[in-house]
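Overview (structure and organization)
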There are 2 protein chains.
Amino acid sequence: MGQSWMHDSSCSVSRSLGVLGENWTFLILREALTGTTRFADFRTALGLAADVLSRRLTTLVQYGVMSQEPYREPGSRTRYEYHLTDAGRELEVVLGALQQWGDRHLPRAEGPSIERRALRTDRPVHVAFVDNLGYEVPWGDVATVRTDAYPKDEAPEAPSQVAN
Amino acid sequence: MGQSWMHDSSCSVSRSLGVLGENWTFLILREALTGTTRFADFRTALGLAADVLSRRLTTLVQYGVMSQEPYREPGSRTRYEYHLTDAGRELEVVLGALQQWGDRHLPRAEGPSIERRALRTDRPVHVAFVDNLGYEVPWGDVATVRTDAYPKDEAPEAPSQVAN
């Protein structure tokens, strides 16, 4: 994605995809969330062309998802590391939601290649809707409600409140 | 995205993006989750070319995210409605995660255009990591652990366990 109109869309899904929705970006973030920082390591892990990787990383830096930091090894020119910002690390929940959906609905015989656990309790964790008291809410019990900021002229024919 | 290799990747994020990651697909799902079912209504809501919309819907039907059902209005030819399957409705959590990230990190002056509430309690809900007892776990307290199914030959240089 990344069409320019998406960046100022009234829909935050569109805005997010304007930054995150281009080919490869989610996989770059997947690598970053497992500790990859160096351009060459992203290339090796993803087998991605340098120019494409460079453009995607530039977009992520531009929108504050990653920060670019120079480093220099003895006898080498200055190169760059890319580190997730706090905003970038928050994307773990988005990646986690994509991962669990794929594990459930596009499974492999070998089973999931990673799992997530709570550091303090070692309990398995999943991604879900949670209320403001910290209790899980089944997705079928969640209503989507339009606010006053919902664009009047873009309103589709759907009802203004939908129970999923 | 949608590169064919992604469909059998060992990574469920890649597999999910192989089905969901093409331009427009998330926005088609956004419309479907708010009640849009008819081809013409998706076109109107998204301003999307018919051939692109048709290809995206075909992929979603092919992978069991949506079902295609014929309908016929008096004096008209048979047309099709597209309904989310249970697998498709589960994507509400993925869209919700994208939405809340955009609302927080790519905000607009008008504020969020929609919000989610628990049907039974009317409490606001967000998307988060939850343990197997149904309690929220802060994303900084979640460890990503490789299973035996993690591909040995694809292992990047990242540690095998990373606290985010």
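Higher on the page you've got the structure.
For the structure given in this document, a descriptive report is provided here. Not measured: the values here are computed from a predicted model.

**Regarding unusual backbone geometry**
Residue and element names in this part refer to chain A. Phi at Trp24 is positive, roughly 85°, even though this residue is not glycine. Its location among the elements puts Trp24 in the loop between helix 1 (12-20) and helix 2 (25-33). Given a relative accessible area of 14%, Trp24 falls into the buried group.

**Observations concerning the packing of aromatic side chains**
Applying the stated criterion to the full structure yields one aromatic pair over all chains. Between Tyr135 of chain A and Tyr135 of chain B, the ring centres sit 6.0 Å apart and the planes meet at 55°, which makes this aromatic pair tilted. With Tyr135 of chain A in the loop between strand 4 (125-131) and strand 5 (136-137) and Tyr135 of chain B in the loop between strand 4 (125-131) and strand 5 (136-137), this residue pair bridges two chains. Looking at Tyr135 of chain A, the relative accessible area reads 42%, which means it is partly exposed. Arg38 of chain A extends its terminal NZ or CZ atom over the ring of Tyr71 of chain A, reaching a point 3.9 Å from the ring centre. A cation over a ring is seen here: Arg146 of chain B above Tyr150 of chain B, with NZ or CZ 4.1 Å from the ring centre.

**Section: the pairing of strand 2 (residues 78-84) of chain A**
Bridging between strand 1 (residues 66-72) of chain A and strand 2 of chain A involves seven bridges; their strand directions are antiparallel. By the bridge assignment, Tyr71 of chain A is partnered in strand 2 of chain A with Arg79 of chain A.

The rules behind the values
Residues numbered from 1 in each chain as written. Chains lettered and ligands numbered in written order. Predicted model: local features only at pLDDT ≥ 70, side-chain atom pairs only at ≥ 80, totals over all residues. Heavy atoms only, no water. Helix = DSSP H or I, 4+ residues; strand = E, 2+ residues; numbered from the N terminus. Buried < 20%, exposed > 50% of the residue type's maximum accessible area, 1.4 Å probe, protein only. Phe/Tyr/Trp six-rings, centres within 6.5 Å; stacked < 30°, edge-to-face > 60°. Lys NZ or Arg CZ within 6 Å of the ring centre and 35° of its normal. Pairing = 2+ DSSP bridges.

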